[in-house]
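Structural overview
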Amino acid sequence: MTQPMVGNYGVPDRKVIDEFGLPAFFESKKIHPRGLICQDYSHHYSHWNAASSLGDWLKEEGVAGLSGIDTRMLTKRIRESGALMGRIEVDTSAPVPDFSKMINPNLINLVNEVSTKETIVYGKGNPIKVIAIDGGMKYNIIRQLVKRGAELTVVPWDHPFAAEMHKYDGLFISNGPGDPTMCVETINELKKIVNCPDDEVKPIFGICLGNQLMGLAAGGKAEKLPFGNRGQNQPVLNHQTGECYITPQNHGYHINCETLEPGWKTLFTNANDGSNEGIAHETRPYFTAQFHPEANCGPSDTEFMFDTFLEACQKPNEKITFPVRKPAPPVTTAKKILLLGSGGTSIGQAGEFDYSGGQAIKALKEEGKEVVLMNPNIASVQTNMDNKSENKADHIYFLPVTPEFVEEIIKKEKPDGIVVSMGGQTALNCAVELYNNGIFDKYNVEVLGTPIDVVINTEDRQLFSDRLNEIDEKIAESYAVYNIPDALEAAKKIGYPLMIRSAFALGGLGSGICENEEMLKDMGTKALSLSEQILVEKSDSIVMAPSQTLSNEEYHMLRDTAIRVVRHLGIIGECNIQYALNPHSVEYCIIEVNARLSRSSALASKATGYPLAFVAAKLALGIPLTEVQNAVTKKTQACFEPSLDYIVTKIPRWDMNKFEGVSTQIGSAMMSVGEVMGIGRTMEESFQKALRMVDPSIKGFHPMYHFTKDELLEELAAPTDRRVYAIAQALHDKSMTVEEIHDITKIDHWFLRRCESIVKTFDKISETTIGDMSNSLIKEAKMNGYSDVQIAETVKGGAAEDDVRTKRKNAGVVPVTKQIDTLAAEFPADTNYLYMTYHGTENDVEPADGGIMVLGSGAYRIGSSIEFDWCGVSAIRALRGMGYKATMVNYNPETVSTDYDECDRLYFEELSRERVLDIYERDRSDGVVVSVGGQIPNGLAIPLDKAGVKILGTPAAMIDNAEDRKKFSSALDEIGVQQPLWSELSSTESALEFANNVGYPVLVRPSYVLSGAAMNVAWTDDQLRACLEEAADVSPDYPVVISDFIEGAAEIEMDGVAKDGVIIAAAIHEHIENAGVHSGDATLVLPAQDLTAYQKQRVRDASRKIAKRLNITGPLNIQFVAKGTDVMCIECNVRASRSFPFVSKTMGVDFIEAATRAIVGADTSVMNLPDLDTRNRPANFVGVKAPMFSFTRLRGSDPVLGVEMASTGEVACYGSTKEEAFLKSLISTGFQMPKKNILFSVQASLTDDATHCAYQLHELGYKIYATRATAEALQKNHVPCEVVAYPTEKDTTVEANAVDLIKSKDICLVVNIPTHESTRLDDNFLLRRTAVDFGVPLLTNMQLVKCFTDAVHLNEMDAGKMVGLHPKTLFEHYESEVDADAWTNPAEYH
């Protein structure tokens, strides 16, 4: 078995008999092989239909079973040498057997051994009389024929059937084993029949052996294939219809058709190896299939052949015809194609769309199309314009993906085709609106791929329900409603609990389970504020592939359903279908269908090696699957379903702890910010890998939170981001059994038993010291996914990681490298897509012998998102462009960097010291780049350096000097760079003393953290104590520094590249928000518009000194605060930062390419880099990068910003002024420009600033509402406004409550700005949260409000000057623009 884990769902009851008198769940009366070899056997099975284990069944039948074998290695041997003689040895000390004396099954007439010895009739009395030659017939053939109305007379293989044909309506020849030429009697009988007179012709249908025997009777030759065609995913071409079927096969011979007698033709051919798969007579109703249309293991795509045969039996004089599917759409004539991107990264719509869109561009360019891309996501690889890759769009528009803007681009670019399925829900919803408004017809633009009316049928909950009912598909009882009273009525019919789902929403936005009427009212109101329609129906997970506990019956039932649904709906290209399956039966229902690329598409592509988006784009052009090559094997077709001889585990990355008040419960609405994928050969190996990948602080399947018994039960009862660790605790401390955990969680026993297996190994390790640990236990631990660090921390008395590493290497316990080749080693594959495992005895590839390793960014998380993947890809492309071999190590399935096309070797592996060393040592790498993947690789610099790894670029000791807060602050003092007053935290008392000396507020900063984790501003002694406790938890091994927090200071950043301590590329940009908002959440402006010449010079001077002091080679990012004449350094990252894509694209030169060149000592003089003294870059436009937030999804979180980062992505737009670029960027984040009423509620100290802003908006015709204290200040300053009640105010004389106005959408923009002095904390929170929940724009920062009101005021007062803010002005601008006016190369960024 190539499937890595076998026996998972046990074996059904052998005694149950079906209506045909056959064993209900079996194809044969006994097991025919002598032995079964697998890689891993599941000693605990789990399935509702199982009666025993696989092992018990083998034992009953006297069949040997062997596990623990590298089955991939074995498959490759058979593939290369053909079928081999084999033997299972029980006594390994016995002499090597003499294979020449062993019985060779190939020399035996196996058909004679398995054929019936007597005539048996099935379906007695049925109208169609068929005689069947039994060569080892599968029971499902009998079922298929009898249930269709055949009386089936089954006779032995050597029965003289030719003389009896007059009694029957047709002849069937079954499958069977062995060499077909041994069945001389059968062949002779067939020759008599096929050459009979015309008036005696009876239809003949042969399967597998039946095909071979017919072929021999018709003059063909039987030839042994080297390996044969096995498995359930063989693509077969039908020469009569041109269709391709996915078929199950198991044969070692095929028919050479060159010697067929006249009148015979090839009917089927294998699309992979070109071997014959069936023949047919040109005039008589004789046809055969080498594959198995009846296979109970599935697929069932060719079951119709039984209908074809029995119809022929009733009409023997008519020609054989096969059902023909609806014709495929014609190949498009479109030459210029508009591709809609997904915009900024957010929860539910992340980096997977960068990967998918990039794959689509690659496919379109391969077909010679001109590609126009609309996507404001500055950090994505797909918005690159440089020449490091051929797979780039021809024109890129950094504009909001909204119907108005898209129409203007259509007018300008005049595309004749558009692709809308690669940009997530953003692109899809935009396309639906364009379609409804008739825009595609108006401009004659062809929608490529799934038609929009089909999209609407999948997205509109009522239409979707109607369409599935047309084909009697099973969906949950549901009602589409447009208001709350109707939702409540629907709930009465369905009963609670029930689920609501929004129409046209991504990642389950607006969905959730309602336990009662109150919950339905609350969630329904919020959902209807985000979508016009919700579905009320009955009814973020860890994912494993391939499915481990679905039986074949269940798997193929769902597969057949998917095909039926997708065909009925008319989807073309990628789609996603989700089911609910009853764990105790085959009952299922369809939850939803997405007619687009989804979050799981990237995962499925990386899990299988099958590039879904690339193939979907080809299909959208009208190119059939049979003409698309499998990019991994480069020998087979894309028309197949991948085989996996490994298991992948996907675990979401949640960052709930970044947000105060957020519910940690996981439900139908996506809340994860990223995901990881662990690859192994068993569940234990894959699962533990994936757990560690989620965060470096996680060691594996261990308890983490020390729950009390009540807390433990609570965590198990409701899914949260901590549930897996609750299960770990229950199993580790033996407080609960697997059965008890199952009863509460309903997680399948199989998964829990495999988790228990991990814990049993833990128990063994904990009972021994490292010195006494046996080689077999080390091997067991590694095979069960334990890392060296885990083992070191678990052994009695503890040990160092290197002690474990040395011991296991001395014992010969080292990982092997395996390929992901889409076909489980059954076909040769020249692929560089690799992973490592301890379940194997040979490597699939030779060591790389040199090359440079680039460490990727790991899971997307808040603080490390798509921009670090952009950096990694840029580094790889730069290295390869210079002639270096480049290896990428990363485990994020959503990224472009984990596309095997991008590098010479891709290791889909952990970013840990242990695994990087494994790869480094085996491939004899020339060095490792740690500076382009964010904090995770940066944190590995010191450990890898100490282990002897060559760190390329800035020396590891200098990285430590920048990351260690104490060392860095000391270095700044040493070189005379101004910084806020600081002190190392030695005790809580000394911190309180420092704070009282410098005065509050103070800032607490731990070392070696990303995105300001545990960084906090404290305003009081109590707050400071809480901050210190959190910082110590996050950074226990490194210093925590406390510094003076400068209020009201501007924040400035310098992104640069240095070589040997000298800065060779630089970009100075400013934040719109004052210091105190994390740089990742700030709105960036480049070139800086409000900095003085003095401030810029101070930044230049300090940057030079810091780069020199740290001897930096590679990327760097330095942050400053400026107030008055003070310009103080607050941080230096000796790595790429989030803003590198933004500064690179704005400056027109790739800073990471420059950094990579510096790192390897290559020349950068030809790159036209802007240095610290460059003053005019860019000269005539401004770029503004705005953050994307996902507060809507994080129920209960407070949407207010601070020093710890909260944004999930970013967009950038350009304009001739800061204001123009700012408003475009804001709109690109999904911000709706207010149309009428604006609510102000600000802290008293900010009312002066608020007055100016409110008056500007009043002057433009907006009506201002304000909460009482703010209204009093505004009215005192003669700004007209209407007072509204605070959310918690009840008995009030004021007419309206602020929250009610927000809920009713009477308020179009909420301005709520709290400070540390705010007292109405609950009211402020309710204003902000309600705005987010009901989709009303919210501004919570005074500098942003000022910039917004200035920009809106400027735009209205100088109407039409801001190009692109109103889509109409965009086209007019392009019409009048000449090439000389363009900011960049005229064909590049727009």
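It should be noted that the structure appears before, not after, this text.
The notes below deal with the structure included here.

Cut-offs applied
Residues numbered from 1 in each chain as written. Predicted model: local features only at pLDDT ≥ 70, side-chain atom pairs only at ≥ 80, totals over all residues. Heavy atoms only, no water. Helix = DSSP H or I, 4+ residues; strand = E, 2+ residues; numbered from the N terminus. Rg over C-alpha atoms; globule rule 2.2 N^0.38 Å. Buried < 20%, exposed > 50% of the residue type's maximum accessible area, 1.4 Å probe, protein only. Lys, Arg positive; Asp, Glu negative; His and termini not counted. Charge placed at Lys NZ, Arg CZ, Asp CG, Glu CD. 1 Å grid on protein atoms, 1.4 Å probe; cavity = no way out; pocket = protein on both sides within 12 Å on 5 of 7 lines; lining within 4 Å. Points joined across faces, edges and corners; volume = space filled by probe spheres on them. Nonpolar A, V, L, I, M, F, W, Y, C, P; charged D, E, K, R; others polar. Axes fitted to C-alpha atoms, helices over the stretch in contact; angles between N-to-C directions. Parallel < 35°, antiparallel > 145°, perpendicular 65-115°, else oblique. Contact = heavy atoms within 4.5 Å. Patch = residues over 30% accessible without salt bridge, like charges linked within 9 Å, V, L, I, M, F, W, Y side chains within 5 Å. Areas by Shrake-Rupley, 256 points an atom, 1.4 Å probe, with all protein chains shown as cover. Salt bridge = Lys/Arg side-chain N within 4 Å of Asp/Glu carboxyl O. Left-handed = near helix turned anticlockwise from the far one by under 90°. Polar contact = N/O pair within 3.5 Å; in protein donor to acceptor, adjacent residues only side chain to side chain. Disulfide = S-S within 2.5 Å. Pairing = 2+ DSSP bridges. Phe/Tyr/Trp six-rings, centres within 6.5 Å; stacked < 30°, edge-to-face > 60°.

Brief notes about the overall build of the protein chain
In terms of regular secondary structure, the protein chain is built from 44 helices and 51 strands. Taking 34 Å as the expected radius of gyration for a compact globule of 1390 residues, we find that the protein chain reaches 34 Å, a close match to that expectation. For the protein chain, the spread of C-alpha atoms along the three principal axes comes to 110 × 75 × 65 Å. Relative to its 1390 residues, the protein chain shows a buried fraction of 62%. If you average the places of the 135 positive and of the 189 negative side-chain charges in the protein chain, the two averages end up 3 Å apart.

Here's the deal with empty space enclosed by the protein
By volume, the second largest cavity is sized at about 90 Å³. Around the second largest cavity, the lining is made up of 14 residues, and of these Gln 240, Lys 265, Ala 280, His 281 and Ile 320 lie nearest the centre. Secondary-structure elements contributing two or more residues to the lining of the second largest cavity are β12 (264-270), β13 (276-281) and β14 (286-289). Grouping the amino acids of the lining of the second largest cavity by side-chain chemistry returns seven nonpolar, three polar and four charged.

Comments concerning the packing of helix α12 (residues 452-459) against helix α13 (residues 461-470)
The geometry of α12 relative to α13 is characterised by a closest axis approach of 5 Å and an angle of 95° between their N-to-C directions. Here α13 runs roughly perpendicular to α12, going by the angle between their axes. Packed against α12, whose contacting residues are Ile 456, Asn 457, Thr 458 and Glu 459, the element α13 presents Arg 461, Leu 463, Phe 464 and Arg 467 at the interface. A per-class count over the contact of α12 with α13 returns three nonpolar, two polar and three charged.

A word on a positive patch on the surface
Residues Lys 29, Lys 30, Arg 34 and Lys 117 make up a contiguous surface patch of positive charge. Here Lys 29 lies in the loop between β1 (5-6) and β2 (35-37). Take Lys 29: its relative accessible area is 65%, and that puts it in the exposed class.

Here we look at the packing of helix α20 (residues 709-717) against helix α21 (residues 723-732)
The axes of two packed helices give the description: the angle between them and the distance between them. For the pair α20 and α21, the least separation of the axes is 8 Å and the interaxial angle reads 130°. Considering the angle they form, α20 stands oblique to α21. The handedness of the crossing between α20 and α21 comes out as left-handed. Touching Leu 712, Glu 715, Leu 716 and Ala 717 of α20 are Arg 723, Ala 726, Ile 727, Gln 729 and Ala 730, all from α21. Grouping the amino acids of the contact of α20 with α21 by side-chain chemistry returns six nonpolar, one polar and two charged.

So, the side chain of Thr 1270
By the element assignment, Thr 1270 lies in helix α40 (residues 1268-1276). Look at Thr 1270 and you get buried, because its relative accessible area is 2%. Within the local environment of Thr 1270, its side chain forms a polar contact with the backbone nitrogen of Val 1242, the two atoms lying 3.0 Å apart. Beyond its immediate sequence surroundings of up to four residues, Thr 1270 is in contact with Phe 1240, Ser 1241 and Val 1242.

Examining the state of the cysteines
Going through the model one piece at a time under the given rule, you end up with zero disulfides. Residue Cys 196 stays outside any disulfide, its sulfur separated by 14 Å from that of Cys 313, the closest cysteine. Owing to a relative accessible area of 9%, Cys 196 belongs among the buried residues under this scheme. In this structure Cys 1129 is not part of a disulfide, and its nearest cysteine sulfur, from Cys 1132, lies 6.6 Å away. The buried category is assigned to Cys 1129, whose relative accessible area is 1%.

Notes on the pairing of strand β15 (residues 336-340)
Of all the five residues making up β15, five are buried; the element is thus mostly covered by neighbouring parts of the structure. Here β15 shows two buried faces, one formed by Lys 336, Leu 338 and Leu 340 and the other by Ile 337 and Leu 339. With five bridges connecting them, β15 and strand β16 (residues 370-374) associate as parallel partners. Across the sheet, the residue bridging to Leu 340 is Met 374, located in β16. For β15 and strand β18 (residues 417-419), the ladder comprises three bridges, and the chain directions are parallel. What sits directly across from Leu 339, in β18, is Val 419.

Notes on unusual backbone geometry
As a rule of thumb, non-glycine residues mostly have phi less than zero, and peptide bonds are mostly trans rather than cis. That bond from Tyr 1000 to Pro 1001 is cis: its omega, 0°, falls within 30 degrees of zero. Mapped onto the secondary structure, Pro 1001 falls in the loop between α33 (988-998) and β37 (1002-1006). Across the junction of Arg 1177 and Pro 1178, the peptide omega takes the value -15°, indicating a cis bond. Residue placement: Pro 1178 occurs in the loop between α37 (1151-1159) and β45 (1182-1188). In the Ramachandran plot, Asp 472 falls in the positive-phi region, its phi being about 55° despite a non-glycine side chain. Of note, Asp 472 is situated in the loop between α13 and β20 (478-481).

Some points on the sheet that holds strand β44 (residues 1126-1133)
Taken in spatial order, the seven strands line up as β44-β43-β40-β41-β42-β45-β46 in an open sheet, and their pairing is antiparallel. The outermost strands of the open sheet, each flanked by one partner alone, are β44 and β46 (1209-1215). Each strand of the sheet is rotated relative to its neighbour by a mean of 25°, with strand direction disregarded. Here seven bridges tie β45 to β46, and the two strands are oriented antiparallel to one another. In the strand pairing of β46, Met 1188 is matched with Gly 1209. Sitting on the sheet, helix α38 (residues 1218-1228) is in contact with β41 (1062-1074), β42 (1084-1086), β45 and β46, with an inclination near 145° to β46.

Topic: the pattern of salt bridges
For the structure on display, the rule yields 84 salt bridges. Here Glu 80 and Arg 79 are joined by a salt bridge, their closest N and O atoms 3.6 Å apart. In this structure Arg 79 comes out as buried when scored by relative accessible area, which is 18%. A salt bridge links Glu 756 to Arg 753; its shortest N-O distance comes to 2.9 Å. On the criterion of helical spacing, the pair formed by Glu 756 and Arg 753 is a turn pair, its members being three residues apart in helix α23 (residues 749-766). Glu 756 sits in the buried class, given a relative accessible area of 17%. When salt bridges with common partners are traced through the structure, they connect Lys 689, Lys 782, Asp 788, Arg 805, Arg 808, Lys 809, Glu 909, Glu 914, Arg 915, Asp 918 and Glu 921 into a single cluster.

A closer look at the environment of Ala 613
Turning to its location among the elements, Ala 613 is positioned in helix α18 (residues 612-620). According to the relative accessible area criterion, Ala 613 is buried, its value standing at 1%. Between the alpha carbons of Ala 613 and Gly 573 there is a distance of 8.2 Å; along the sequence they are 40 residues apart. In contact with Ala 613, other than residues within four places in its own chain, are Ser 356, Gln 359, Met 422 and Leu 597.

Here we look at helix α7 (residues 304-314)
Of all eleven residues in α7, eight are buried, a share of seventy percent or more. Taken together, the buried positions of α7 are Phe 304, Met 305, Phe 306, Thr 308, Phe 309, Leu 310, Ala 312 and Cys 313.

Concerning helix α9 (residues 403-413)
The element α9 is extensively covered by neighbouring structure, given that nine of its eleven residues are classed as buried. Among all positions in α9, only Pro 403, Phe 405, Val 406, Glu 407, Glu 408, Ile 409, Ile 410, Lys 411 and Glu 413 are buried. Lys 414 sits one or two residues past α9 and shows a positive phi near 55°.

A few points about the sheet that holds strand β47 (residues 1237-1242)
Two modes of strand pairing occur in sheets, parallel and antiparallel, and in both the strands are linked by backbone hydrogen bonds. Across the sheet, five strands lie side by side as β49-β48-β47-β50-β51; this open sheet has parallel pairing. Both edges of this open sheet fall to β49 (1282-1284) and β51 (1338-1339), since each of them pairs with a single strand only. The sheet strands contacting helix α39 (residues 1247-1259) are β47 and β48 (1263-1267), and the helix crosses β47 at an angle near 175°. Relative to the sheet, α40 contacts β47, β48 and β49, its axis offset from that of β48 by approximately 130°.

Some remarks on the environment of Ser 511
Take Ser 511: it is sitting in the loop between β21 (498-502) and β22 (512-514). For Ser 511, a relative accessible area of 1% translates into the label buried. Separated by 58 residues in sequence, Ser 511 and Asp 453 have C-alpha atoms that sit 24 Å apart.

Structural notes on the packing of aromatic side chains
Counted under the stated rule, the structure contains 26 aromatic pairs. A ring pair is formed by Tyr 245 and Phe 268, whose centres lie 6.3 Å apart and whose planes are at 65°; its orientation type is edge-to-face. Remark: Phe 268 occurs in strand β12 and Tyr 245 occurs in strand β11 (residues 244-256); sequence separation between them is 23 residues. Taken together, a centroid distance of 5.9 Å and an interplanar angle of 80° make the contact between Phe 287 and Phe 322 edge-to-face.

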